[in-house]
Amino acid sequence: MFTLNHFIWLGACALCITAGLILAVKLGLKQINACRIMTVICLVSEITKIMSSMEASDEGGMILGPKALPFHLCSLMIFAVFFLTLSKNERARSLVIRFLVPVGLLGGIAAMLIPTNGVDFLDIDAYQCFVYHAGLVWFALYFVCTKQVTLTVRDYARNVCVLVALMFLMIWVNGALAAYGTNFMYVREPPMEDLPVLNLDHGWYVYLLSLMGLGAVLMTAVHVPFILAGRHKK
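Attention here is on the structure that accompanies the text.

Reading guide: rules and limits
Residues numbered from 1 in each chain as written. Predicted model: local features only at pLDDT ≥ 70, side-chain atom pairs only at ≥ 80, totals over all residues. Heavy atoms only, no water. Helix = DSSP H or I, 4+ residues; strand = E, 2+ residues; numbered from the N terminus. Rg over C-alpha atoms; globule rule 2.2 N^0.38 Å. Contact = heavy atoms within 4.5 Å. Areas by Shrake-Rupley, 256 points an atom, 1.4 Å probe, with all protein chains shown as cover. Lys, Arg positive; Asp, Glu negative; His and termini not counted. Charge placed at Lys NZ, Arg CZ, Asp CG, Glu CD. Axes fitted to C-alpha atoms, helices over the stretch in contact; angles between N-to-C directions. Left-handed = near helix turned anticlockwise from the far one by under 90°. Nonpolar A, V, L, I, M, F, W, Y, C, P; charged D, E, K, R; others polar. Salt bridge = Lys/Arg side-chain N within 4 Å of Asp/Glu carboxyl O. Buried < 20%, exposed > 50% of the residue type's maximum accessible area, 1.4 Å probe, protein only. Polar contact = N/O pair within 3.5 Å; in protein donor to acceptor, adjacent residues only side chain to side chain. Core = buried A, V, L, I, M, F, W, Y, C linked by side-chain atoms within 4.5 Å.

With respect to the overall build of the protein
So, step 1. Along its length, the protein carries 7 helices and 2 strands.
So, step 2. Listed N to C, the secondary structure of the protein is α-α-β-β-α-α-α-α-α in terms of helices and strands.
So, step 3. Whereas a compact globule of 234 residues would reach a radius of gyration of roughly 17 Å, the protein reaches 18 Å, a difference of no more than 12%.
So, step 4. Seen through its C-alpha atoms, the protein measures out along the principal axes to roughly 60 × 40 × 40 Å.
So, step 5. Within the protein, contacts between residues separated by at least 24 positions form 68% of all contacts whose residues are at least 6 apart in sequence.
So, step 6. Carbon and sulfur atoms form 69% of the exposed surface of the protein, whose accessible area is close to 13200 Å².
So, step 7. Of note, the protein has its 16 positive side-chain charges centred 25 Å away from the centre of its 13 negative side-chain charges.

Here you go:
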């Protein structure tokens, strides 16, 4: 899975994320400006994905390939970013931030470690994948580094419930689009072959339980430091 190109991509993304965070903290980047920057990244990424995923229609012209629909977990974060940029409802924005931070952080890192769009430097899909997910990780860490987010036990329970609900929703979506071979949130099959734990060696039900279990472990690992820090302050 890991090749020289992949390591170069990971190194470049890590460098950009680190530099972006240092600048954001030192310059005192305001939340609305961070949201606007991420909105631009989302727009460029999504437009690139749409234009590179157009397919010829039987009736003439071009249509967007169903696999490019924004129903993967990280793609859904685009709507969260737009909401944070446009909404003035501070309570709703706070709830969205508390969901986006752990999900964006874990999803972005996982997407860069498992590059389903490849790592070819001549493939625009690889640029779209790594740039967007690096931006998503930066955006999530921005809230952490600037101390604009706290996560409680209630947030943990709510975030896990939302993830489980989305997972089962995508089972329905993938079923409706089965003719196109969609695999949103990878509930149909693993994102890549020969992955440890996440494989079909023991059947789909075991794979789904493994996917849910791994997600629960990672979500717990992200939330626990915030929960402990909150209790320490009290």
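A look at the packing of helix α1 (residues 4-26) against helix α5 (residues 124-145)
So, step 1. In the contact formed by α1 and α5, the axes pass within 9 Å of each other and the chain directions differ by 35°. Crossing of α1 over α5 shows right-handed handedness. For the pair α1 and α5, the contacting residues are His6, Trp9, Leu10, Cys13, Ile17, Gly20, Leu21, Ala24 and Val25 in the first and Ala126, Tyr127, Phe130, Ala134, Val137, Trp138, Leu141, Tyr142 and Cys145 in the second.
So, step 2. A class-by-class count of the residues in the contact of α1 with α5 yields 16 nonpolar, 2 polar and no charged.

Focus on the pattern of salt bridges
So, step 1. Counted by the stated rule, this structure contains 5 salt bridges.
So, step 2. Note that Lys49 is salt-bridged to Glu46, the shortest N-O span being 3.6 Å. Placement of the pair is Lys49 and Glu46 together in helix α2 (residues 31-52), with a separation of 3 residues, close to one helical turn. In this pair, the class of Lys49 matches that of Glu46, namely buried.
So, step 3. Among the ionic pairs, Arg188 bridges to Glu189, the shortest N-O distance being 3.2 Å.
So, step 4. The exposure class assigned to Arg188 is partly exposed, which follows from its relative accessible area of 37%.

Topic: the side chain of Ser210
So, step 1. Among the structural elements, Ser210 can be located in helix α7 (residues 204-233).
So, step 2. Here the side chain of Ser210 touches Val206 through a polar contact of 2.8 Å, landing on its backbone oxygen.

Section: the side chain of Thr85
So, step 1. By the element assignment, Thr85 lies in helix α3 (residues 73-86).
So, step 2. Side chain to side chain, Thr85 and Thr39 meet in a polar contact 2.7 Å long.
So, step 3. Sequence-distant contacts of Thr85, defined by excluding residues within four places in its chain, comprise Ile32, Cys35, Arg36 and Thr39.

Here we look at unusual backbone geometry
So, step 1. A positive phi angle, near 55°, is found at Lys147, a position not held by glycine.
So, step 2. Relative to the elements of secondary structure, Lys147 occurs in the loop between α5 and α6 (153-176).
So, step 3. A residue is classified by how much of its surface remains accessible, and Lys147, at 76% relative accessible area, is exposed.
So, step 4. Phi at Asp194 takes a positive value of approximately 65°, unusual for a residue other than glycine.
So, step 5. Residue position: Asp194 is located in the loop between α6 and α7.

Describing the nonpolar core
So, step 1. The biggest cluster of nonpolar side chains holds 54 residues, and the ones touching the most others in it are Met77, Met112, Tyr132, Phe139 and Phe143.
So, step 2. When residues of this core are traced back to their parent elements, those giving at least two are α1, α2, α3, α4 (90-113), α5, α6 and α7.
So, step 3. Aside from chain neighbours lying at most four places away, what touches Met77 is Phe99, Leu100, Val103, Tyr132 and Leu136.

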